[in-house]
Amino acid sequence: MKSTLLIPAVCSIALAASPLLSAQSQDDWVEWGYVDGTDAGDNFGSSMLPLGDVNNDLYEDYLVASPRAGSVLRLSGELTIHSGQDNSIIASIAGTDIGQQIGYKVCVLGEHNSDGLLKIAASSPFTSTSAGFFSGVVNIYAFDAATLSLTLWQEIPGGNAGRMFGVSIAALDNDADGDLDLAVGSLGDSAANGSALDERVSFFNIDDVI
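Reading the values: the criteria
Every residue gets a number counted from 1 within its own chain, in the order that chain's sequence is written. Owing to the predicted nature of the model, reporting of local features is limited to residues with pLDDT of at least 70; listing and counting of side-chain atom pairs is limited to 80 or more, with chain, interface and lining totals taken over all residues. Side-chain metrics rest on all non-hydrogen atoms present in the structure, leaving aside hydrogens and water. Salt bridges are defined as contacts in which a side-chain nitrogen from Lys or Arg sits within 4 Å of a carboxyl oxygen from Asp or Glu. Joining through side-chain atoms within 4.5 Å is the link that ties buried Ala, Val, Leu, Ile, Met, Phe, Trp, Tyr and Cys residues into a set, and such a set is a nonpolar core. Buried, partly exposed and exposed residues are distinguished by accessible area as a fraction of the type maximum, computed with a 1.4 Å probe on protein chains only: under 20%, between the cut-offs, and over 50%, respectively. Helix and strand labels come from DSSP, where a helix needs a run of H or I of at least four residues and a strand needs a run of E of at least two; each type is numbered from the N terminus. The contact criterion used throughout is that any non-hydrogen atoms of two residues lie within 4.5 Å. Think of a patch as exposed residues, more than 30% relative accessible area, with no salt bridge, where like charges cluster within 9 Å and nonpolar side chains (Val, Leu, Ile, Met, Phe, Trp, Tyr) cluster within 5 Å. The protein chains shown are the only cover counted for residues, whose accessible areas, like all others here, come from Shrake-Rupley with a 1.4 Å probe. Aromatic rings from Phe, Tyr and Trp, taking only the six-membered ring of Trp, are treated as a pair when their centres fall within 6.5 Å; an angle between ring planes under 30 degrees marks them as stacked, one over 60 as edge-to-face, and anything in between as tilted. Pairing between two strands is assigned when DSSP locates at least 2 bridges connecting them. To obtain an axis, a line is fitted to C-alpha atoms, over the contacting stretch when the element is a helix, and the angle between two such axes runs from 0 to 180 degrees between their N-to-C directions.

**Student:** Give me the pattern of salt bridges: which residues, what numbers.
**Tutor:** Counted by the stated rule, this structure contains one salt bridge. Of the charged contacts in the structure, one is a salt bridge between D115 and K119, with a shortest N-O distance of 2.7 Å.

**Student:** Report on the nonpolar core, specifying residues and quantitative values.
**Tutor:** Counting residues in each nonpolar core, the largest one holds 18 residues, and the members touching the most others are L63, L79, I81, F143 and L150. Elements supplying a minimum of two residues to this core: β1 (47–52), β2 (61–66), β3 (78–82), β4 (89–94), β6 (117–124) and β7 (137–144). Apart from the residues lying within four places of it in its own chain, the contact partners of I81 are L51, V54, Y62, L63, S88, I89, I90, A91, I120, F143 and L150. Counting residues in each nonpolar core, the second largest holds eleven residues, with C107, A121, F165 and V184 among its members.

**Student:** Tell me about a nonpolar patch on the surface, and name the residues and values.
**Tutor:** A grouping of Y104, F126, F133 and F134 is seen on the molecular surface, where their side chains present a nonpolar patch of about 430 Å² in accessible area. Its place among the elements puts Y104 in the loop between β4 and β5 (106–110).

**Student:** Which residues make up the packing of aromatic side chains, and what are the values?
**Tutor:** Scanning the model with the defined rule gives two aromatic pairs in all. Measuring from centroid to centroid gives 5.2 Å for Y104 and F126, while their planes differ by 85°, and the two rings are edge-to-face. Residue Y104 is found in the loop between β4 and β5, and its partner F126 is found in the loop between β6 and β7; the two are separated by 22 residues along the sequence. Note on Y104: relative accessible area 33%, which makes it partly exposed.

**Student:** With reference to specific residues and values, describe the sheet that holds strand β9 (residues 168–172).
**Tutor:** Within the open sheet, the three strands sit side by side as β9-β10-β11. Their pairing is antiparallel. Of all strands in the sheet, those with a lone pairing partner are β9 and β11 (200–204), marking the two edges. If you compare each strand with its neighbour and ignore which way they point, the axes differ by 20° on average. Sheet analysis places β9 next to strand β10 (residues 181–186), joined by five bridges and oriented antiparallel. Paired with L172 across the bridge in β10 is D181.

**Student:** Help me get a handle on the sheet that holds β4, residues and values and all.
**Tutor:** Sheet architecture is open: four strands sit in the order β1-β2-β3-β4, paired in antiparallel fashion. Of all strands in the sheet, those bounded by a partner on one side alone are β1 and β4. The average undirected angle you get between the axes of adjacent strands in this sheet is 15°. Sheet analysis places β2 next to β3, joined by five bridges and oriented antiparallel. Considered in β3, the bridge of L63 is made with I81.

In structure tokens, the structure reads:
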């Protein structure tokens, strides 16, 4: 009986000492650079995305969201694409309404119908539109590598006040056509049963919103 009790104890000691299960040294990660936001309180870096090499310089570039930036309009938000080579800004775009706070969540949708434009979805769940307060909106921006420009391509608004459309977003190929589509989460849809906070995830095929 004693030997059977000792076996799991010995195994436990061996597992605890295993290098595969132990925490790795923090010295393995070395900070080699950084980039700062331009204004205090702009929430620079609250969301980020890798974009690949968008300017063809052999360095991986990235997107940074600053949803509370106000360089154009107060709390309109801003998206900036940065060079992976030197962190300089390749392209940027700001929200068009006060309090829009674009970039609460972001995701990459890729190209559609081989148009050569990189699509980036950015949500503003707490903005107010013609549908009402906090209805929310998801904007889709297009990056043109030929001109290094980022422009508004499409807009998908929330359907009712308090919907908070865009509190989460994700890209997926929902119809198996090779192009990425869009899933959008809402905290207060109120369409299904009239409840104030009946959450919902809505799916959009890209051809349906053109």
